[in-house]
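# Secondary and tertiary structure notes
The primary structure of each chain is shown beneath.
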Amino acid sequence: MSQPAKPAPQPAGRAAAKKELPEHFKAYKHVWVFIEQERGHVHPVSWELMGSGRRLADKLGVELAAVVIGPTGDATKAAVAESFCYGADLAYVVADDVLTDYRNESYTKALTDLVNTHKPEILLLGATTLGRDLAGAVATTLLTGLTADCTELEVDADNSLAATRPTFGGSLLCTIYTLNFRPQMATVRPRVMSMPERVEKPVGRVIEFPLGLVEADIVTKILAFVPDRDKATSNLAYADVVVAGGLGLASPENFQLVRQLAGVLGAEYGCSRPLVQKGWVSADRQIGQTGKTIRPKLYIAAGISGAIQHRVGVDGSDLIVAINTDKNAPIFDFAHLALVTDAIRLLPALTEAFRKRLSPHTRDRIAS
Ligand SMILES: Cc1cc2nc3c(=O)[nH]c(=O)nc-3n(C[C@H](O)[C@H](O)[C@H](O)COP(=O)(O)OP(=O)(O)OC[C@H]3O[C@@H](n4cnc5c(N)ncnc54)[C@H](O)[C@@H]3O)c2cc1C
């Protein structure tokens, strides 16, 4: 007796996923970058994303648009003009005084209405406090996918966005696709992408879009703006020189050696995660996957082993100098200069040597 034919094996993983985009999403075209501005200041991550957006748009053969949401007036106009200097072909502008301060409700409405009307295929935002809050709300309102904290953005062979991010505690990288929904949304942390070159006085189209909301419609009210005095003032992510310490320094007192060297170099100081967990250093100084990403010209790491979660935050540094007693420490796999020695002894000697050789003027120049 003949056996019934076995069903053909089904492809696994992504190959099994239905890649055909529903008809109503096929009109979604172009790459958008949300330009994050607060109180007249554009977060530099927006320009970093313009660089990535330009590359994706060129590969797809589509336009790159900046999305500028804010109050009416000069600051918003300046952000639009600046977006052209960083490669935008056009800018969508939602300008309304209701949008003076960021509120999730009003900004989500502005951005989702804009998306539903003008239909971008890719929407990128900075993974800042504001960007994360807005991206999550917009993605859930639009019922689309959002890949957070991406480290790489590429266009796949089928023109879909391949958004790569660390997973399993940073030990693996996974690439995530939003196959059946649009727009494909992604956030990227500051300094993960390099800053594109700024081109003076280019031109671009401006498309204004009404907010369709009045103050009375918004539940959250801004009563006053009180700057946080305890707010971290560190400029770690954008510093040119960074000195950092890890568990090898053995005590919070020894961590002062890092701060002293940083002080003499006019540098910012940072640390590995265990020092934050121990309460030796504040969280805004943590470098790595769950801390800040840095891209300094010079990074000095003292007593840091170089675990993958730390490495991903420093890989973009021009010159990495590692001080470690263990010649087999993983940090020596990616450091440019390896100093196999006791950091507790070397750091004061370095501080003294730089103090003697660097004039205050030189220090200011290094820091500027
Ligand atoms: C989900 C997740 C997220 C994480 N995120 C981060 C992150 O954002 N940033 C981060 O840093 N880590 C992060 N980690 C932790 C990371 O895995 C490592 O545990 C951590 O980076 C190790 O810190 P360390 O190098 O200071 O300590 P250790 O690994 O203990 O290394 C200390 C080093 O100091 C050296 N040493 C000892 N004495 C001296 C001395 N006298 N002079 C010079 N060298 C000396 C030792 O040889 C050793 O290499 C994360 C982990 C997880 C699971």
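Residues numbered from 1 in each chain as written. Predicted model: local features only at pLDDT ≥ 70, side-chain atom pairs only at ≥ 80, totals over all residues. Heavy atoms only, no water.

The name recorded for the chain in an unreviewed UniProt entry is Electron transfer flavoprotein subunit alpha, from Rhodopseudomonas palustris. A UniProt comment under Sequence similarities (unreviewed entry) is attached to the chain, and it reads "Belongs to the ETF alpha-subunit/FixB family." (UniProt positions renumbered as here; feature names shortened; annotations may be inferred.)

Glancing now at the pattern of salt bridges. Charged atoms that come close allow side chains of opposite charge to pair. Tallying each qualifying case throughout the model produces 17 salt bridges. Salt-bridge contacts for Asp 113 lead to Lys 109; the nearest nitrogen and oxygen are separated by 2.5 Å. Within this pair, Asp 113 and its partner Lys 109 are both found in helix α3 (residues 104-118), separated by four residues, close to a single helical turn. Asp 113 gets classed as partly exposed once you look at its relative accessible area, which sits at 22%. Classification of Lys 109 by relative accessible area gives partly exposed; the value is 27%. With a closest N to O distance of 3.4 Å, Asp 240 and Lys 297 form a salt bridge. (Salt bridge = Lys/Arg side-chain N within 4 Å of Asp/Glu carboxyl O. Helix = DSSP H or I, 4+ residues; strand = E, 2+ residues; numbered from the N terminus. Buried < 20%, exposed > 50% of the residue type's maximum accessible area, 1.4 Å probe, protein only.)

Time to look at the packing of α3 against helix α4 (residues 129-142). Helices that pack against each other are described as a pair by the angle of their axes relative to one another and the distance between those axes. Taken N-terminus to C-terminus, the directions of α3 and α4 make an angle of 50°; their axes are 9 Å apart at the nearest point. The angle between α3 and α4 falls in the class oblique. Crossing of α3 over α4 shows right-handed handedness. Residue-level inspection shows Asn 104, Tyr 107, Thr 108, Leu 111, Thr 112, Val 115 and Asn 116 of α3 in contact with α4, the latter providing Asp 133, Leu 134, Ala 137, Val 138, Thr 141 and Leu 142. Across the contact of α3 with α4, the residue classes break down as seven nonpolar, five polar and one charged. (Axes fitted to C-alpha atoms, helices over the stretch in contact; angles between N-to-C directions. Parallel < 35°, antiparallel > 145°, perpendicular 65-115°, else oblique. Left-handed = near helix turned anticlockwise from the far one by under 90°. Contact = heavy atoms within 4.5 Å. Nonpolar A, V, L, I, M, F, W, Y, C, P; charged D, E, K, R; others polar.)

Taking strand neighbours across the sheet as the criterion, the seven strands line up as β7-β11-β6-β1-β4-β5-β12 in an open arrangement whose pairing is parallel. A strand with exactly one partner marks an edge of an open sheet, and here the two such strands are β7 (146-147) and β12 (205-208). Both strand β1 (residues 31-35) and strand β6 (residues 122-126) contribute to a ladder of three bridges, which runs parallel. When the bridges of β6 are listed, Trp 32 appears paired with Leu 123. Packing of helix α2 (residues 74-85) onto the sheet brings it into contact with β4 (64-70), β5 (90-95) and β12, and relative to β5 it is tilted by some 165°. Where α3 meets the sheet, it contacts β1, β4, β5, β6 and β12, and its direction lies at approximately 150° from that of β4. (Pairing = 2+ DSSP bridges.)

Further remarks concern the site of the ligand. Every one of the 27 residues lining the ligand counts as a neighbour, but Ser 272, Thr 290, Ser 305, Gln 309 and Asn 324 are closest to it. With respect to the ligand, the backbone of Gln 289 contributes an N or O atom lying 3.0 Å from an oxygen atom. With respect to the ligand, the backbone of Ala 343 contributes an N or O atom lying 2.9 Å from a nitrogen atom. Look at the ligand: alone it shows 980 Å² of surface, and the protein chains cover 74% of it. Listed by contribution, the elements that provide at least two residues to the shell around the ligand are α6 (273-277), α7 (308-314), β16 (319-324) and α8 (343-357). Considered class by class, the residues forming the shell around the ligand number eight nonpolar, 16 polar and three charged. (Near = heavy atom within 4 Å. Polar contact = N/O pair within 3.5 Å; in protein donor to acceptor, adjacent residues only side chain to side chain. Areas by Shrake-Rupley, 256 points an atom, 1.4 Å probe, with all protein chains shown as cover.)

Tracing the sequence through the fold places Ser 317 in the loop between α7 and β16. Beyond its immediate stretch of four places on either side in the chain, Ser 317 contacts Ile 294, Arg 295, Pro 296, Tyr 299 and His 336.

Turning our attention to the UniProt feature "domain: Electron transfer flavoprotein alpha/beta-subunit N-terminal" (unreviewed entry) in the chain. The sites that UniProt annotates as "domain: Electron transfer flavoprotein alpha/beta-subunit N-terminal" (unreviewed entry) are residues 31-222. Structurally, residues 31-222 comprises 30% helix and 28% strand, and the distance from its first C-alpha atom to its last is 32 Å.

Here the focus is the pairing of β6. Among the five residues that make up β6, five are buried, leaving the element largely enclosed by the rest of the structure. Of the two faces of β6, both are covered, the one formed by Ile 122, Leu 124 and Gly 126 as well as the one formed by Leu 123 and Leu 125. Note that β6 and strand β11 (residues 184-188) share five bridges and pair parallel. In the sheet register, Leu 124 faces β11, and the bridge partner there is Ala 186.

So, on to the packing of helix α5 (residues 252-265) against α8. The N-to-C vectors of α5 and α8 enclose an angle of 20°; their axes lie 9 Å apart at closest approach. It follows that α5 is roughly parallel to α8 by the angle criterion. Relative to α8, the crossing made by α5 is left-handed. Mapping the contact onto sequence places Asn 254, Leu 257, Val 258, Gln 260, Leu 261, Val 264 and Leu 265 in α5 and Ile 344, Leu 347, Pro 348, Leu 350, Thr 351, Phe 354 and Arg 355 in α8.

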